[in-house]
Each structure stands twice: as structure tokens, then as C-alpha cells.
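Structural characterization, general
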Amino acid sequence: MTKNNINTTPKENFTAAQLLYMKNHHRHHHLVTLLRLFVLILFLTIWELSGRLGLIDTFFFSSPCMVVAFFLQMLQDGSFFAHTGITLLETLLSFLLITLFSILTATLLWYSKTLSEITEPFLVVLNSLPKSALAPLFIVWLGTGINTIIVAGISVAIFGSIINLYTGFKSVDREKLKLIKTLGGNRFDAFHKVVLPSSIPTILSNMKVNIGLALVGVIIGEFLAARRGLGYLIIYGSQVFQLNMVITSIIILCVIAMGLYQCIQWAEHFYKKRV
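In this text the structure is predicted, and so the values were computed from the model without any measurement.

So, a positive patch on the surface
- A grouping of Lys 113, Lys 170, Arg 174 and Lys 178 is seen on the molecular surface, where their side chains present a positively charged patch.
- By secondary structure assignment, the location of Lys 178 is in helix α9 (residues 174-182).
- The exposed category is assigned to Lys 178, whose relative accessible area is 52%.

Thoughts on the state of the cysteines
- The final tally for this structure, using the stated rule, is 0 disulfides.
- Cysteine Cys 263 is unpaired, with the sulfur of Cys 254 as its nearest cysteine sulfur at 16 Å.

Topic: the packing of aromatic side chains
- For the coordinates displayed, the defined rule picks out 10 aromatic pairs.
- Ring geometry for Phe 71 and Phe 80: centres 5.2 Å apart, planes at 80°, overall edge-to-face.
- Classification of Phe 80 as buried rests on a relative accessible area of 17%.
- Here Trp 110 and Tyr 111 contribute two aromatic rings whose centre-to-centre distance is 5.4 Å and whose plane-to-plane angle is 85°, an arrangement assigned as edge-to-face.
- Looking at Tyr 111, the relative accessible area reads 31%, which means it is partly exposed.

What about helix α6 (residues 113-128)?
- For α6, spanning 16 residues, the distance from its first C-alpha to its last is 23 Å, which sits close to the expected 22 Å at 1.5 Å a residue.
- Considering bend angle alone, the principal kink of α6 is centred on Thr 119 and spans about 40°; proline Pro 121 follows within four residues of it.

A look at the side chain of Ser 79
- Here Ser 79 lies in helix α5 (residues 79-111).
- Sequence-distant contacts of Ser 79, defined by excluding residues within four places in its chain, comprise Met 74 and Thr 84.

Observations regarding helix α12 (residues 230-239)
- When α12 is considered as a whole, its buried residues turn out to be Leu 230, Gly 231, Leu 233, Ile 234 and Gly 237. Within α12, the buried residues cover an arc of 160° as seen down the axis, which keeps them to one side.
- Of the surrounding secondary structure, the elements contacted by the buried residues of α12 are α4 (64-77), α5, α11 (200-225) and α13 (243-274).
- Within two residues after α12, Phe 241 carries a phi angle of roughly 60°, on the positive side.

Some remarks on the packing of α9 against helix α10 (residues 187-198)
- At a minimum axis distance of 10 Å, the contact between α9 and α10 shows a crossing angle of 145°. Where α9 crosses over α10, the two elements pack in a sense that is right-handed. Along the contact surface, α9 presents Lys 176, Leu 177 and Ile 180, while α10 presents Asp 189, Ala 190, Val 194 and Val 195.
- When grouped by side-chain class, the residues that make up the contact of α9 with α10 number 5 nonpolar, no polar and 2 charged.

Quick look at a nonpolar patch on the surface
- On the surface, a cluster of nonpolar side chains totalling about 400 Å² of accessible area is made up of Phe 38, Val 39, Leu 42 and Ile 46.
- As for its placement among the helices and strands, Phe 38 is situated in helix α2 (residues 16-52).

Some thoughts on unusual backbone geometry
- Residue Ser 62 is not a glycine yet carries a positive backbone phi of 55°.
- Residue position: Ser 62 is located in the loop between α3 (58-61) and α4.
- Accessibility expressed as a relative area gives 0% for Ser 62, which makes it buried.
- In this structure, Phe 241 takes a positive phi of about 60° despite not being glycine.
- Mapped onto the secondary structure, Phe 241 falls in the loop between α12 and α13.

Points about the environment of Tyr 111
- Along the polypeptide, Tyr 111 turns up in helix α5.
- As for Tyr 111 and Phe 191, which are separated by 80 residues in sequence, their C-alpha atoms are 8.7 Å apart.
- Beyond its immediate chain neighbours, meaning those up to four positions away, Tyr 111 contacts Arg 187, Phe 188 and Phe 191.

Observations regarding the pattern of salt bridges
- Here the structure, examined in full by the defined rule, presents 2 salt bridges.
- With a closest N to O distance of 2.7 Å, Glu 48 and Arg 52 form a salt bridge. One end of the pair, Glu 48, and the other, Arg 52, are both in helix α2, 4 residues apart, so they sit about a helical turn from each other.
- Relative accessible area serves as the criterion here: at 13%, Glu 48 is assigned to the buried category.
- Between Glu 268 and Lys 208 there is a salt bridge whose closest N-O contact spans 2.7 Å. Here Lys 208 lies in helix α11 and Glu 268 lies in helix α13, a separation of 60 residues in the sequence. Here Glu 268 and Lys 208 have matching classes, each one buried.

Calculation notes
Residues numbered from 1 in each chain as written. Predicted model: local features only at pLDDT ≥ 70, side-chain atom pairs only at ≥ 80, totals over all residues. Heavy atoms only, no water. Patch = residues over 30% accessible without salt bridge, like charges linked within 9 Å, V, L, I, M, F, W, Y side chains within 5 Å. Areas by Shrake-Rupley, 256 points an atom, 1.4 Å probe, with all protein chains shown as cover. Salt bridge = Lys/Arg side-chain N within 4 Å of Asp/Glu carboxyl O. Lys, Arg positive; Asp, Glu negative; His and termini not counted. Charge placed at Lys NZ, Arg CZ, Asp CG, Glu CD. Helix = DSSP H or I, 4+ residues; strand = E, 2+ residues; numbered from the N terminus. Buried < 20%, exposed > 50% of the residue type's maximum accessible area, 1.4 Å probe, protein only. Disulfide = S-S within 2.5 Å. Phe/Tyr/Trp six-rings, centres within 6.5 Å; stacked < 30°, edge-to-face > 60°. Expected span 1.5 Å × (residues − 1). Bend = angle between axes of the 7 residues up to and from the residue. Contact = heavy atoms within 4.5 Å. Arc of directions from axis to C-beta. Axes fitted to C-alpha atoms, helices over the stretch in contact; angles between N-to-C directions. Left-handed = near helix turned anticlockwise from the far one by under 90°. Nonpolar A, V, L, I, M, F, W, Y, C, P; charged D, E, K, R; others polar.

Put into C-alpha cells, the structure is as follows:
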């Protein structure tokens, strides 16, 4: 029985054991969600009470109420949409370019064994290089602006992404590749009929990692070469000791990262249901 048949089967056709398993699975999922909310609420409560009781200095550590007040202020003056929008745009552009370029490069390496043997050591070295060290060079080469920030976002994830995808392409079942060759197929047939379809889970898993890394790279770029964006707010807020601005920007970044990751997660679940 396939997954599609299971999803469309009426409940009365399930056995008692299957119904019990589904019930326990849903209960566990709801329990995990409630515990996550409990931990979050407990943390916010302790943080707020610590500030009100003087256990921490709210000038340095802020508080949930102060963060909410500053967030409402950002909504009123429009700065939330301006800074969050530019950071989100830069992150999505970086992510899309990382995904496209890494798939194309990994495909090229899979096609040419000689090229992969030549470039693999360089990819490993570039992947291990601290990307923050490259940011000043990007500023010198590209100036300050969105281009530098997008390149910084790409540089954080691109080399590791190429290595992971190429490794995934090489790990495809060799028997299937032999079957394609036996039936008269060429290397292009093997790639688009076997390698690429078999590597979709790897590509999706890689995308879940890359979306977070792209955001990290964009923030690094905004630290050094931006006049807008959440990274700029964090740097500016720390310089003028507006810690509410810094913490609010960090929390917004956390929400953005969670939302982007969840979008890729939904795409992965949708793919698994279709298979």
C-alpha cells in the first residue's frame, strides 16, 4: 500500500492497531508542541520577572515588555518593514543563487570526473575558510551595497553545498546507472532519469541548511556594508547602547529563520507525500 493510498483510505478501513498508532502519534506531536510553548513562556516569564525584581539590569538585558514596546514603535514608524524587508530580500536572493549555482556546479562535477578531482581540494579549502575574513575584500571589490551583501550571503554556504550535492550525486545506486547504460542510455539520460530524481531528498535537506547559512552571511554583510537591514540595526544599536533595538532585531531574525526553515520543511513533506 502506497503513502497516497494510506492518506486517502477512510478511517473505518484501518485496523485497531493502526488507529491506536495514529492516535498516539498525534498525541505525541501535540505534547511536543505544548512543551515547546511552555519552555518559551517560562523563559520569557523568568526574563521579565528578573528585570522587574532587579536581578538583571534592563539597560543591558532589556525585557520582553520593552522588546514588545520597541517592536510596536518599529511598526508605527515603518522601520520594521523597511529593515526586515531588505534583509529578507537579500536572504532569498542569496539562497536562490546558492541553490541554482550549487546544483549546476555539482552536476558539472558529476559529468566530469577529471574536473571533480582537480577542484575537490580547492572546494574543501574554501569551505573551511572563515567567510567573515572575506567580507572586507568584498567591500573593496564591490563597494558597499546590496551586491556585497548578497555575495557575502552566497559565500557562507556555496562551497559546502556543492560538496554535499556532489557527494549525493555520487551515492546514487550504481545498479540503476548500469541499467540505463545497458538499455542504450547516455550520461544525460542517467542524470535526469536516475541521479537527479534520486537526489531530490538530498537537495531538499541541503536547502534546509543553506537557508539558515544564507541568512548568516547576509547579516555578516550587513554588519560591514549596509545602511539598512536587521544587521545594520544590530550594529547601530550596539554602538549607541540601544539594547532594545539590538535584542528586538535578533528576535526578528530568529522568527525569520524559523519561518524560512519551515517553508522548506513543508516543501519536503509535500514531496514525501507525492512519492
